[in-house]
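What follows is the residue order along each chain.
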Amino acid sequence: GENVEQHPSTLSVQEGDSAVIKCTYSDSASNYFPWYKQELGKGPQLIIDIRSNVGEKKDQRIAVTLNKTAKHFSLHITETQPEDSAVYFCAASINGYGQNFVFGPGTRLSVLP
Amino acid sequence: NAGVTQTPKFQVLKTGQSMTLQCAQDMNHNSMYWYRQDPGMGLRLIYYSASEGTTDKGEVPNGYNVSRLNKREFSLRLESAAPSQTSVYFCASTRAGGETQYFGPGTRLLVL
């Protein structure tokens, strides 16, 4: 079955710097890769996603890149702000069906003022 | 809209006790899911319901049962709680054909 690894497990950056979180997946059939942000005491919330027919997607300060050949995808956050502090989860899925989402273990991002 | 709601927020059980975690969504979504979240392990799927009237096992179903009461509600039952079931439980839902999962705020369960 699918296995998703995520690195680093914790990341501290200065406010205004960039943050990069990387995930690798094992199943070449996976074609949908979302990123979720979980703030303290809340459930995860989708922030951006990418499909396998696209190499990069941007939404304001957030971008995701996908390398299908190497089976890895990354989340890039530029100009980090204190409100970006949270746990970020990547996931891989076949066709976006919820029942086959496999989540990474998470990255705790701390943005230091 | 309240989105996805879960009750209770926090619960302490003794080993062997039973309880039901409740989940409801008001977005008219077809599919609903139960996950558990443990440190360093991300979210793991316990059970899901692709549509009203159907339920299926996920990655870690042992020790749990579910009921899709109607389109809005999906409950998770622990018949005989064990310390290994200490975790944070999240319910989620998706619309028909949708990929985005909408999560509830979670239930923190401690089994002593």
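Above this text sits the structure in question.
These remarks concern the structure in this document. (Residues numbered from 1 in each chain as written. Chains lettered and ligands numbered in written order. Predicted model: local features only at pLDDT ≥ 70, side-chain atom pairs only at ≥ 80, totals over all residues. Heavy atoms only, no water.)

## Describing the overall build of chain B
When helices and strands are counted, chain B shows zero helices and eleven strands. Taken from N to C terminus, the helices and strands of chain B fall in the order β-β-β-β-β-β-β-β-β-β-β. Taking 2.2 N^0.38 as the reference for a compact globule, 112 residues should give roughly 13 Å; the C-alpha atoms of chain B span a radius of gyration of 13 Å, in line with that estimate. Along the first, second and third principal axes, the C-alpha set of chain B runs to 40 × 25 × 25 Å. A burial count over chain B gives 48% of its 112 residues as buried. Within chain B, contacts between residues at least 6 apart in sequence are counted, and of these 55% link residues at least 24 apart. (Helix = DSSP H or I, 4+ residues; strand = E, 2+ residues; numbered from the N terminus. Rg over C-alpha atoms; globule rule 2.2 N^0.38 Å. Buried < 20%, exposed > 50% of the residue type's maximum accessible area, 1.4 Å probe, protein only. Contact = heavy atoms within 4.5 Å.)

## Some words on the pattern of salt bridges
Where side chains of opposite charge bring their charged atoms close, a pairing between them can arise. Applying the stated criterion across every chain yields a total of eight salt bridges over all chains. A salt bridge links A:R51 to B:E99; its shortest N-O distance comes to 2.1 Å. Of this pair, A:R51 sits in strand β5 (residues 45-51) while B:E99 sits in the loop between β9 (87-94) and β10 (102-103), on two different chains. With a closest N to O distance of 3.1 Å, B:R77 and B:E79 form a salt bridge. Accessibility expressed as a relative area gives 29% for B:R77, which makes it partly exposed. (Salt bridge = Lys/Arg side-chain N within 4 Å of Asp/Glu carboxyl O.)

## With respect to the pairing of strand β1 (residues 4-7) of chain A
Regular strands place side chains that alternate from one sheet face to the opposite one. All names here are of chain A. Only one face of β1 is buried, namely the one carrying V4 and Q6, since none of E5 and H7 on the opposite face is buried. As paired elements, β1 and strand β3 (residues 19-25) share four bridges and run antiparallel to each other. For E5, the partnering residue across the bridge sits in β3 and is T24. (Pairing = 2+ DSSP bridges.)

## Description of the interface of chain B and chain A
Between chain B and chain A, the residue contacts involve 17 residues of the former and 18 residues of the latter. Carbon and sulfur atoms supply 54% of the area buried between chain B and chain A, which totals about 1,400 Å² over both sides. Of all residues in chain B, B:L43, B:E99 and B:F103 bury the most surface against chain A, accounting for 38% of the area lost on that side. The interface formed by chain B and chain A holds one salt bridge in total. At the boundary of chain B with chain A, the tally comes to three residue pairs in polar contact (both at pLDDT 80 or more). When contributions to the side of chain B that touches chain A are tallied by element, the ones reaching two or more residues are β4 (31-37) and β5 (43-49) of chain B. (Buried area = accessible area lost by both parts, 1.4 Å probe. Polar contact = N/O pair within 3.5 Å; in protein donor to acceptor, adjacent residues only side chain to side chain.)

## Observations regarding the environment of A:A19
Residue and element names in this part refer to chain A. Here A19 shows up in strand β3. Under the relative-accessibility criterion, A19 is labelled buried at 2%. A19 sits eleven residues away from P8 along the chain, and the two C-alpha atoms are 11 Å apart.

## A closer look at unusual backbone geometry
Cis geometry is adopted by the peptide bond preceding A:P8, which originates at A:H7 and carries an omega value of -5 degrees. Mapped onto the secondary structure, A:P8 falls in the loop between β1 and β2 (10-14). The omega angle of the peptide bond from B:T7 to B:P8 is -5 degrees, so this bond is cis rather than trans. Relative to the elements of secondary structure, B:P8 occurs in the loop between β1 (4-7) and β2 (10-13). Positive phi is not limited to glycine here, since A:Q60 has a value of about 60 degrees. A positive phi angle is found at A:K71, which is not glycine, with a value near 60 degrees. Residue placement: A:K71 occurs in the loop between β7 (62-67) and β8 (72-77).

## Side note on the side chain of A:D84
All names here are of chain A. One can find D84 in the loop between β8 and β9 (86-92). The class of D84 is buried, set by a relative accessible area of 6%. Of the polar contacts made by the side chain of D84, one reaches the side chain of R61; its length is 2.9 Å. Apart from residues lying up to four places away in sequence, D84 is in contact with K37, R61, I77, E79, L109 and V111.

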